[in-house]
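# Close look at the chain arrangement
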Amino acid sequence: QVQLVESGGGLAQAGDSLTLSCAASGRYTMGWFRQAPGKEREFVAAISRSGIIIYADFVEGRFSITKDIDKNTVYLQMITLIPDDTAVYYCAARASSWYVSSTISDYDYWGQGTQVTVSS
């Protein structure tokens, strides 16, 4: 069973920065997704086991996904936060494939989610 433990969410003001962490119980292709109130869950960023990275179009250079292989931890660094970034952020692991993906259904395991709230 893959375990994912997220941390780093919280309250921020517009323009602030936050970094989310996701510690996994092994090495997987990892993704970050988010779900705002009343909206569907959407893709944010992903990084494959080989280090290939993809981002959602809305990121526009404000978010950066990185990983620490030794710690099996993936990070989502977010800068210049805006109120529309308010959401529950989830990390996910793709255990069935090494390929990076933006598709929710390609991910097999999910973290519990961490709330990010950005005020104007």
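This one's a predicted model, so the numbers in the text were calculated from it and none came from an experiment.

Take the pattern of salt bridges next. The final tally for this structure, using the stated rule, is four salt bridges. The partner of R34 in a salt bridge is E42, with the nearest N and O atoms 2.7 Å apart. Judged by its relative accessible area of 32%, E42 is partly exposed. Across the salt bridge formed by R34 and D85, the nearest N and O atoms sit 2.9 Å from each other. A residue pair is termed long-range when its members are at least 10 positions apart, and R34 in strand β4 (residues 29–35) and D85 in the loop between β8 (73–78) and β9 (87–94) qualify at 51 residues. Both residues of the pair, R34 and D85, belong to the buried class.

Rules behind the numbers
Residues numbered from 1 in each chain as written. Predicted model: local features only at pLDDT ≥ 70, side-chain atom pairs only at ≥ 80, totals over all residues. Heavy atoms only, no water. Salt bridge = Lys/Arg side-chain N within 4 Å of Asp/Glu carboxyl O. Buried < 20%, exposed > 50% of the residue type's maximum accessible area, 1.4 Å probe, protein only. Helix = DSSP H or I, 4+ residues; strand = E, 2+ residues; numbered from the N terminus.

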